[in-house]
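So the chains spell out like this:
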Amino acid sequence: MPRVVGIDLGTTNSLVAAVIDGRAQILHPEGASSMVPSVVSGRPDGTLVIGDRAREEVGQFPQDTIFSAKRFMGRDRADVADLLEKLPYETMGKAGGQIRLRVGKQWMTPPQISAEILRTLKRHAEDALDSLVEQAVITVPAYFNDGQRQATRDAGQLAGLEVLRILNEPTAACLAYGLQEKREGTFAVYDLGGGTFDISILRVEGGVFEVLATNGDTELGGDDLDRLIGEKFFEEACRNHPKPLPRTPEMMAMLRHVSEEAKIALTHEKETTVRLYGCEQLLLERTLTRVELEEWIRPLIARTLEPCRKALEDADLLAEEIDEVIMVGGSTRVPLVRKMVGEYFECEPHVELNPDEVVALGAAVQADILAGNRRDLLLLDVTPLSLGIETYGGGYSRMIPRNATVPCSVTDLYTTFVDNQSHVDVHVLQGEHEIAARNRSLARFKLGPIAPMPAGFARIEVIFTLDADGILKVSAKDQRTGTAQAFDVKPPSGMT
Ligand code: ADP
Ligand code: MG
């Protein structure tokens, strides 16, 4: 019997889980680790290496090794220009189009790279379950827009998986903690992973989840801590060195490695020894204390509190009204993170479940619900960003406001601005700005021909339908002629 699995497709690490005998469990082949690093590396002979081995080889083939591919999912060149400057990747693709990254001898799109990771997880699950796995629930950060969700679906499909649901990561975390069994409560899920930060405010009532608000930062995570620590080490090494040190990809990879090791060591120890090798010599040797590290990273961690404040504001709640806080993501192991989050919400955050595994376990619970094994749970989710259309003069009219519960459908009437206008341009946008051009363009289509008549007389009905995955369908209809167009919003950077 094919089974449905839950997958946490992380920026840094990915995991697969399933409910077995009523209990969610991480799946991995005997002897293998439960986490698959989200790293894909191209060998000179054209083959691909995925996961642990690819991660080990970062230093060896830095330019052929892609990590953090999730940061590129569903985004075009302009979106990631800043990010590309910091990474050693060779890319291809024009502005507004899909980006391709060089992985050894191949050029691959982000969904293709993610598909390699998903294929590995699928294989792990099949090994562990000893059965075929063809369906999955895949999680995404709550802040992912339509294009990023669609790209994740595409990746699943490329890996030979039918994606039954795209689920928000913090919602999955609530399921893993079994919060549905609380009769009533308001929860915050604080997720600081390798590449992204998410905060979600959820309410549970009578076994039903409702996400009241989500917020976050798609460019903030453990990688950024590593980069910051690495910069400090590099500066120090330069000061100790007679000649300027080159910022080669090998040097950057070495810095990342040394910094992450020091950071992880300091979650348990009060001090650790750092040794940085490069240019075939020892460039830096020093002791780093937890106190010093905390001084460095405090501003980055403080940055996560601003999205927390915004989410609370959207949910119309005060920090002290949150009953429980759940910690998710490897970076929440950092003691300073736990301390600052606890102080902010004025409570001791939950850390009983392994923060790396929480999301995959929750995805498995959702998979079990969709497989029809659980009838006691219902899940309501919200859309992270407003959706609307461009109006006359470059304005923006919201159809579905941010944090609306999905699935949902909204109908609105629009009209023409010019006498005898024969077509209406429907420009679908996502975002919060009142100027159309400042939001993200999702799609554009022309409705017509419409009956000639004076400006303001036409009645154009526009319907926005958002499905349970947060994927949008738009239709427009001229009520007089009955001319209609329906459109599945396929974002421009989606798969062709
Ligand atoms: P993602 O959801 O982005 O895939 P994870 O939840 O797997 O990420 O978290 C990965 C991050 O957690 C990495 O930046 C890693 O350095 C960090 N991390 C893992 N263990 C620890 C630890 N003990 N202390 C500090 N950071 C840690
Ligand atoms: Mg994660």
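First, a word on scope: everything that follows refers to the structure included in this document. Everything quoted here is computed from the prediction, not taken from an experiment. (Residues numbered from 1 in each chain as written. Chains lettered and ligands numbered in written order. Predicted model: local features only at pLDDT ≥ 70, side-chain atom pairs only at ≥ 80, totals over all residues. Heavy atoms only, no water.)

1. What to know about the overall build of the protein
No. 1: Within the protein, the secondary structure is distributed over eleven helices and 28 strands.
No. 2: The C-alpha atoms of the protein give a radius of gyration of 24 Å, which matches the 23 Å a tight globule of 496 residues would have.
No. 3: Across its three principal axes, the protein shows a C-alpha extent of roughly 80 × 55 × 50 Å.
No. 4: Across the 496 residues in the protein, those meeting the buried criterion constitute 56%.
No. 5: In the protein, of all internal contacts separated by at least 6 residues, the share reaching a separation of at least 24 is 63%.
No. 6: Roughly 21500 Å² of accessible area belongs to the protein as shown, and the carbon and sulfur atoms make up 48% of that amount.
No. 7: Taking the average place of the 54 positive charges on the side chains of the protein and the average place of its 74 negative ones, the gap between the two points comes to 4 Å. (Helix = DSSP H or I, 4+ residues; strand = E, 2+ residues; numbered from the N terminus. Rg over C-alpha atoms; globule rule 2.2 N^0.38 Å. Buried < 20%, exposed > 50% of the residue type's maximum accessible area, 1.4 Å probe, protein only. Contact = heavy atoms within 4.5 Å. Areas by Shrake-Rupley, 256 points an atom, 1.4 Å probe, with all protein chains shown as cover. Lys, Arg positive; Asp, Glu negative; His and termini not counted. Charge placed at Lys NZ, Arg CZ, Asp CG, Glu CD.)

2. So, the layout of surface pockets
No. 1: The space that makes up the largest pocket amounts to roughly 1100 Å³.
No. 2: Around the largest pocket, the lining is made up of 48 residues, and of these T12, N13, R55, G194 and E260 lie nearest the centre.
No. 3: Those elements that place two or more of their residues in the lining of the largest pocket are β2 (13-20), α1 (52-56), α6 (222-240) and α7 (249-268).
No. 4: Of all the elements, α7 adds the most residues to the lining of the largest pocket, at eleven residues.
No. 5: Its residues assigned to classes, the lining of the largest pocket comprises 13 nonpolar, 19 polar and 16 charged.
No. 6: Each of domain 1 (3-220 + 304-382) and domain 2 (222-299) gives at least three residues to the lining of the largest pocket. (1 Å grid on protein atoms, 1.4 Å probe; cavity = no way out; pocket = protein on both sides within 12 Å on 5 of 7 lines; lining within 4 Å. Points joined across faces, edges and corners; volume = space filled by probe spheres on them. Nonpolar A, V, L, I, M, F, W, Y, C, P; charged D, E, K, R; others polar. Domains from an automatic or database assignment.)

3. Observations concerning the pattern of salt bridges
No. 1: Inspection of the entire model under this criterion finds 27 salt bridges.
No. 2: R286 is paired through a salt bridge with E292; the nearest N and O atoms lie 3.1 Å apart.
No. 3: The class of R286 is buried, set by a relative accessible area of 15%.
No. 4: E313 is the partner of R309 in a salt bridge, and the nearest nitrogen-oxygen pair spans 3.0 Å. Here R309 and its partner E313 are both found in helix α9 (residues 305-315), four residues apart, which amounts to about one turn of the helix.
No. 5: According to the relative accessible area criterion, E313 is exposed, its value standing at 54%.
No. 6: A network of salt bridges, in which partner residues are shared, links R71, R75, E219, D223, D224 and R227. (Salt bridge = Lys/Arg side-chain N within 4 Å of Asp/Glu carboxyl O.)

4. Side note on the site of ligand 1
No. 1: Near ligand 1 lie 18 residues; those nearest to it are T12, G194, E260, K263 and T267.
No. 2: Within the backbone of T12, an N or O atom sits 2.8 Å from an oxygen atom of ligand 1.
No. 3: Within the side chain of K263, an N or O atom sits 2.8 Å from an oxygen atom of ligand 1.
No. 4: Calculation on ligand 1 without its partners gives an accessible area of 580 Å², and the protein chains cover 91% of this total.
No. 5: A majority-of-atoms criterion places ligand 1 in the largest pocket.
No. 6: Mapped onto the shell around ligand 1, the elements with two or more residues apiece are α6 and α7.
No. 7: Looking at the shell around ligand 1, the element that brings in the most residues is α7, giving four residues. (Near = heavy atom within 4 Å. Polar contact = N/O pair within 3.5 Å; in protein donor to acceptor, adjacent residues only side chain to side chain. Sits in = over half its atoms within 2 Å of the grid points.)

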